[in-house]
Amino acid sequence: QVQLVESGGGLVQAGGSLTLSCVASGSIFRLNDMAWYRQAPGKQRELVSAITSSGSTAYGDSVKGRFTISRDNAKNTVNLQMNSLKPEDTADYYCNAVIRVLGQLYGMNYWGKGTPVTVTS
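Presented here is a report on the structure given in the accompanying data block. All values reported here derive from a predicted model rather than from experimental measurement. (Residues numbered from 1 in each chain as written. Predicted model: local features only at pLDDT ≥ 70, side-chain atom pairs only at ≥ 80, totals over all residues. Heavy atoms only, no water.)

**Some remarks on the pattern of salt bridges**
Oppositely charged side chains can form a pair if their charged atoms are brought close together.
Logical step 1: Using the criterion set out here, one finds four salt bridges in the structure.
Logical step 2: Here Lys64 makes a salt bridge to Asp61, at a shortest N to O gap of 3.2 Å.
Logical step 3: Judged by its relative accessible area of 68%, Asp61 falls in the exposed class.
Logical step 4: Among the salt bridges present, the one from Asp89 reaches Arg66, with a minimum N-O distance of 2.7 Å. Taken as a pair, Asp89 in the loop between β8 (77–82) and β9 (91–101) and Arg66 in the loop between β6 (57–59) and β7 (67–72) lie far apart in primary sequence, 23 residues in all.
Logical step 5: Arg66 gets classed as buried once you look at its relative accessible area, which sits at 10%.
Logical step 6: Overlapping salt bridges bring together Arg38, Glu46, Arg66 and Asp89 as one network. (Salt bridge = Lys/Arg side-chain N within 4 Å of Asp/Glu carboxyl O. Buried < 20%, exposed > 50% of the residue type's maximum accessible area, 1.4 Å probe, protein only. Helix = DSSP H or I, 4+ residues; strand = E, 2+ residues; numbered from the N terminus.)

**Overview of the pairing of β9**
Logical step 1: Within β9, eight of the eleven residues are buried, which leaves the element mostly enclosed by the surrounding structure.
Logical step 2: Looking at chain direction, strand β4 (residues 28–39) and β9 are connected through nine bridges and run antiparallel. Across the sheet, the residue bridging to Tyr37 is Tyr94, located in β9.
Logical step 3: Bridge count for β9 against strand β11 (residues 115–120) is three bridges, and the pairing is antiparallel. If you follow Ala91 over to β11, its bridge partner there is Val117.
Logical step 4: Strand direction decides the pairing type here: β9 and strand β10 (residues 107–111), joined by five bridges, are antiparallel. Across the sheet, residue Asn96 finds its bridge partner in β10, namely Trp111.
Logical step 5: Where β9 folds back on β10, the antiparallel hairpin that results is connected by five residues, among which Gly103 adopts a positive phi of roughly 90°. (Pairing = 2+ DSSP bridges.)

What follows is the structure, encoded as structure tokens:
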């Protein structure tokens, strides 16, 4: 019923920039908190950044000052602008959202399939 589809990942040199996008589609009644997580090989998935429906944001310590999260509620999208990329930012990046589907009384957690980001030194 609901899909999250990420795009924008790729290969970039250290110091470069990438912008990730995630579009939510389906029978959406309300799109609540949205977030980006990442998972590097052999490591646990970690929160990169989150944004509420009203625009309040939060960032992981390792990306503060370098990454910016934004959303377009009219388009059901969330973006992650990543600047000054470092090799340690290399990971699969996943979109996450709490979505209330039409006909449901509560929101549920949904995940995209991920987009890879590789930063070379």
